[in-house]
Amino acid sequence: MNDERFRQLVSFWLDGSLTEGDSTELQTELERSTYRRNQFVDLCGLDADLRLMSELHTSEIPVQEPSAKSAAAGWFGPSGGTRWALAAIAATLLIALGFGIGRGRSPQLPTETTVTTDPGEAKEDIENGCAVLTRIVDARFTEGVHYREGDSLPPGKLKLLSGGLQIDFFSGATMLIEDAAEVDLVSAWEAHCVDGKVTMHVPPPAIGFRLLVPGMEVVDLGTEFGVDVQGDASALHVFDGEVEAHLASSPVKIIREGESLQTSKDHPPVAGKAAPTDFPSAMQFEQRMDTFYKDLSARWWDSMQSVRSDERILGCYLFKHWQDKRWDRLVNNFSIPKHPGLAGSAVGTRWVEGRWPTKDAMEFKSPGDRVRINLGDGKYDGLTMAAWIRVDGLDRKYNALLLADGYEDGEPHWQIDEQGRMMFSVRYMKDPTQDGTLPTGDRQNQMYRSPPVFGAGGRRWHHVAVSFDATTGEGVQYFDGEEVSRSTSKFHRSGRKVTFGRCEIGNWGLPAEGVPFPVRNLNGRVDEFLIFKEPLSGEEIKNLYELGVPK
């Protein structure tokens, strides 16, 4: 049956014009195909939504709504003829009306609607993933493949060689993988375990999540379970709740807490007891993760010794939070030798988790959030700034990384514009005219922009850096260790220096009167900010990035 005919039959059912022959045809199609059953629920849910928008209240329907669990179990039950089909269809429709979105709008529902937008509207980024990689613990992937925490995962295969992963599906289901395993992410509501062991936790909003293994389809009814795939042999273990096991050559089986089911290509299924200790548990995963990240923090701190003692470093803000301090507003400058006068002061911001769980960071959210620093009136032939940041949103026209208070002669500004481009600039006085007077508009910017590097898929940590050579006027910007822009300003003049003075990380302290867009607070987190009084090479920037990548 093609999609057009199926939708026609569903339409007949919804408007009450389904004939006995149509009913038999629809019943047969629904019994035959899980996909059609899910599609039917979604179409009925869409109809329910439209009815609700027309102020049709579900309380007017004089039928008690079945529970989601019993409906899911009954839906896959044995056939009882046309009368059973009509009752099942009616029950499903009532669930759709009661819950509005049926089984969460199966992402497999084909769409034929073309959405047009006004050519004048800005193009909006669209999330094309089906899950988020929320935790990575000492993970190793196939050559050339790299993932980081916070990555959005599109449908497709993911192969883990060693370590551990936590994947949160957009449906609400969570998958834990430890050691060697391969999975195929199909959608927010479905995945295949191709090889290895995985543990699934499916809370109530994700009931109906499907996990396929060789020879079996597991439909969750709100539970925690594990699967173990070795070649063509599969084992299902239920630790909490119950699941439906759909086998190719036998009726649907309900596997409950403490039970297991093993299948293989040439043997009948074998029931047994669940073995939860053979699978990654949430507690074990947390313990392994805690140990890994504590070791990572120790290795990172040791590796930063050479950076902290670099004679070119001016500010080394690592955002380490001292829990035993009475006052927690001090942002230490960890450069060696120590320069207590160059420490920062946190205003409004709060201490949060950094780019891994045992790493501290500062969070910037409101227009008052900032870290005040005073780097003095020293003048230099160049600079480098490098930071680990997480951008949660580009809320402003310009979003501050580091801005000098008054933006006076030789002072820098470093920020991200609303298009996701890094912007670096130094403001200088214009050259005097021949008679010694200053021209109208006595200041000008040397401006440097990168291509867009930040998009809608935020909440991921990135390393950003900029180097500026005041002797040549060249500015170079870097993103995750790679050069993304290099240019020289047409306003460059030899002999000019750079200076910092009073600055702010994540905000602008004293914007000049009348300046456009004076509110420039960052929406995100910073857990490392380095300031050098010389331009660093690309190789040195790459090294800073590699020192800080969790691995």
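To start, this report covers the structure provided alongside it. (Residues numbered from 1 in each chain as written. Predicted model: local features only at pLDDT ≥ 70, side-chain atom pairs only at ≥ 80, totals over all residues. Heavy atoms only, no water.)

**Some details on the overall build of the protein**
A count of helical and extended segments in the protein gives eight helices and 30 strands. Put simply, the protein has 551 residues, and 46% of those count as buried. Summarising the internal contacts of the protein: among those between residues at least 6 apart in sequence, 59% fall at separations of at least 24. Summed over its atoms, the accessible surface of the protein is roughly 26600 Å², and 51% of this surface lies on carbon and sulfur atoms. (Helix = DSSP H or I, 4+ residues; strand = E, 2+ residues; numbered from the N terminus. Buried < 20%, exposed > 50% of the residue type's maximum accessible area, 1.4 Å probe, protein only. Contact = heavy atoms within 4.5 Å. Areas by Shrake-Rupley, 256 points an atom, 1.4 Å probe, with all protein chains shown as cover.)

**Observations regarding the pairing of strand β19 (residues 360-364)**
β19 sits mainly inside the fold: four of its five residues count as buried. Sheet topology places strand β18 (residues 350-353) next to β19; four bridges connect them, and they run antiparallel. Bridge pairing in β19 links Val352 to Ala361. Remark: six residues form the turn of the hairpin made by β18 and β19, two consecutive strands paired antiparallel. Where β19 lies against strand β30 (residues 523-532), three bridges are found, and the strand directions are antiparallel. For Met362, the partnering residue across the bridge sits in β30 and is Val526. (Pairing = 2+ DSSP bridges.)

**Details of helix α8 (residues 538-548)**
For α8, the set of buried residues is Ile541, Leu544, Tyr545 and Gly548. Taken around the axis of α8, the buried residues stretch over an arc of 100 degrees, which confines them to a single face. Against α6 (282-303), α7 (305-308), β21 (382-393), β26 (461-469), β27 (474-479) and β30 lie the buried residues of α8. (Arc of directions from axis to C-beta.)

**Thoughts on the side chain of Asn399**
Mapped onto the elements, Asn399 comes out in strand β22 (residues 398-404). Engagement of the side chain of Asn399 in a polar contact is seen with the backbone nitrogen of Asp395, the distance being 3.4 Å. Here the side chain of Asn399 touches Arg396 through a polar contact of 3.1 Å, landing on its backbone nitrogen. (Polar contact = N/O pair within 3.5 Å; in protein donor to acceptor, adjacent residues only side chain to side chain.)

**Notes on the pattern of salt bridges**
Taken as a whole and judged by the stated rule, the model has 28 salt bridges. Between Arg148 and Asp480 there is a salt bridge, with its nearest N and O atoms 3.4 Å apart. A residue pair is termed long-range when its members are at least 10 positions apart, and Arg148 in the loop between β1 (131-141) and β2 (152-153) and Asp480 in the loop between β27 and β28 (482-488) qualify at 332 residues. Across the pair, Asp480 and Arg148 agree in class, each one buried. The salt bridge involving Asp381 is made with Lys497; its shortest N-O contact spans 2.6 Å. In this pair, Asp381 is assigned in the loop between β20 (370-374) and β21 and Lys497 in the loop between β28 and β29 (502-505), connecting sequence segments 116 residues apart. Given the relative accessible area of 38%, Asp381 is considered partly exposed. Among the residues examined, Lys497 registers a relative accessible area of 37% and is labelled partly exposed. Salt bridges linked by common partners bring Arg355, Lys359, Asp527 and Glu528 together as one network. (Salt bridge = Lys/Arg side-chain N within 4 Å of Asp/Glu carboxyl O.)

**Re the packing of aromatic side chains**
Summed over the entire model, instances satisfying the criterion amount to 14 aromatic pairs. Three or more aromatic residues joined by ring pairs make a cluster, and in this case those are Trp300, Trp301, Phe334 and Trp356. Over the ring of Phe279 we find Lys197, and its NZ or CZ is 5.5 Å from the ring centre. In this structure, Lys320 is placed above the aromatic ring of Trp301, and the distance from its NZ or CZ to the ring centre is 5.3 Å. (Phe/Tyr/Trp six-rings, centres within 6.5 Å; stacked < 30°, edge-to-face > 60°. Lys NZ or Arg CZ within 6 Å of the ring centre and 35° of its normal.)

**Details of the nonpolar core**
By size, the foremost hydrophobic cluster in this structure holds 42 residues, and its most contacted members are Tyr317, Met385 and Phe529. The leading source of residues in this core is β21, at five residues. Counting 38 residues, the second-largest nonpolar core is a separate cluster that includes Leu133, Ile177, Ala191 and Val218. (Core = buried A, V, L, I, M, F, W, Y, C linked by side-chain atoms within 4.5 Å.)

**Considering the pairing of β27**
With respect to burial, β27 is a largely interior element, five of its six residues being buried. The pairing of β26 with β27 spans six bridges and is classified as antiparallel. Looking at the pairing, Val464 lines up with Phe479 of β27. Between β26 and β27, which follow one another and run antiparallel, lie four residues, and Gly473 among them has a positive phi close to 80 degrees.

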